[in-house]
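Report on the structure
One-letter residues, chain by chain:
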Amino acid sequence: MKTLKIAYWASTCLFCGVFFMTGTLYLLHAQSMVTKFHEIGFPLYILNLIGSLKIAGAITLLVPRAYPRLKEWAYAGFVFDLVGAAWCHFCVQGFAQGIKLLLPITVVAVSYLTYHRLNDPTATQHPDADGPLAV
């Protein structure tokens, strides 16, 4: 159970840290993000929307006792964002740019799967293990 908790918190903190950082860069209209959006052909006003949603989603996942349905929506939003970003990069910039997003998709998958494994009430626990992790 401890290994599962470590895997959950490591993947979630890593993922949320990256998304919090990129969300902040989106909101600040950092030159690197503006350039990427111009290359892909997106309007710049999308930076504000995606940036604020990335930050809100990262905070939601890091709050230990947040509403489970809200966490589900945050995970879904991150997956939609990552799959959409991978597809856009793949179509506009080629395979090498799109494939780079497999790493964050893998990290969010590990976070999501360990979240559900830790909160599964039917999972058998070792007698010395703590109760379900309310994350």
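Everything discussed here concerns the structure shown above.
Residues numbered from 1 in each chain as written. Predicted model: local features only at pLDDT ≥ 70, side-chain atom pairs only at ≥ 80, totals over all residues. Heavy atoms only, no water.

This part is about the overall build of the chain. The helix and strand tally for the chain stands at six helices and zero strands. Ordered by position from N to C terminus, the α and β elements of the chain give α-α-α-α-α-α. If you line up the chain on its principal axes, its C-alpha atoms span 55 × 30 × 20 Å. Here the chain holds 135 residues, and the buried ones make up 33% of them. In the chain, the proportion of contacts linking residues at least 24 apart, taken out of those at least 6 apart, comes to 63%. Here the chain holds 9 positive side-chain charges and 6 negative ones, and the gap between their average locations is 3 Å. (Helix = DSSP H or I, 4+ residues; strand = E, 2+ residues; numbered from the N terminus. Buried < 20%, exposed > 50% of the residue type's maximum accessible area, 1.4 Å probe, protein only. Contact = heavy atoms within 4.5 Å. Lys, Arg positive; Asp, Glu negative; His and termini not counted. Charge placed at Lys NZ, Arg CZ, Asp CG, Glu CD.)

What follows deals with helix H6 (residues 102-118). Compared with an ideal rise of 1.5 Å per residue, which puts 17 residues at 24 Å, H6 spans 24 Å between its outermost C-alpha atoms and is within 8% of the ideal. Buried residues of H6: Val107, Val108, Ser111, Thr114, Tyr115 and Leu118, and no others. The buried residues of H6 all sit within an arc of 135° when viewed along its axis, so they share a single face. The inward-facing, buried residues of H6 contact helix H1 (2-27) and helix H4 (68-93). (Expected span 1.5 Å × (residues − 1). Arc of directions from axis to C-beta.)

Its volume calculated, the largest pocket comes out at about 680 Å³. Forming the walls of the largest pocket are 28 residues, and the residues nearest its centre are Tyr26, Lys54, Ala85, His89 and Leu101. Elements represented by at least two residues in the lining of the largest pocket include exactly H1, helix H2 (31-40), helix H3 (45-62), H4 and H6. Element by element, the count of residues in the lining of the largest pocket is highest for H1, at eight residues. (1 Å grid on protein atoms, 1.4 Å probe; cavity = no way out; pocket = protein on both sides within 12 Å on 5 of 7 lines; lining within 4 Å. Points joined across faces, edges and corners; volume = space filled by probe spheres on them.)

Attention now moves to H3. For H3, which comprises 18 residues, the first-to-last C-alpha distance of 27 Å matches the rise-based estimate of 26 Å (1.5 Å per residue) to within 8%. Within H3 the residues assigned to the buried category are Leu47, Ile50, Gly51, Lys54, Ile55, Gly57, Ala58, Thr60 and Leu61. As for H3, its buried residues are in contact with H1, H2 and H4.

By size, the foremost hydrophobic cluster in this structure holds 16 residues, and its most contacted members are Phe15, Leu61, Tyr75, Phe78, Leu82 and Val108. Contributions of two or more residues to this core are made by H1, H3, H4 and H6. Top contributing element to this core by residue count: H4, with five residues. Counting seven residues, the second-largest nonpolar core is a separate cluster that includes Tyr26, Met33, Val34 and Leu47. (Core = buried A, V, L, I, M, F, W, Y, C linked by side-chain atoms within 4.5 Å.)

Don't take any of this as a statement about function, it's just geometry.
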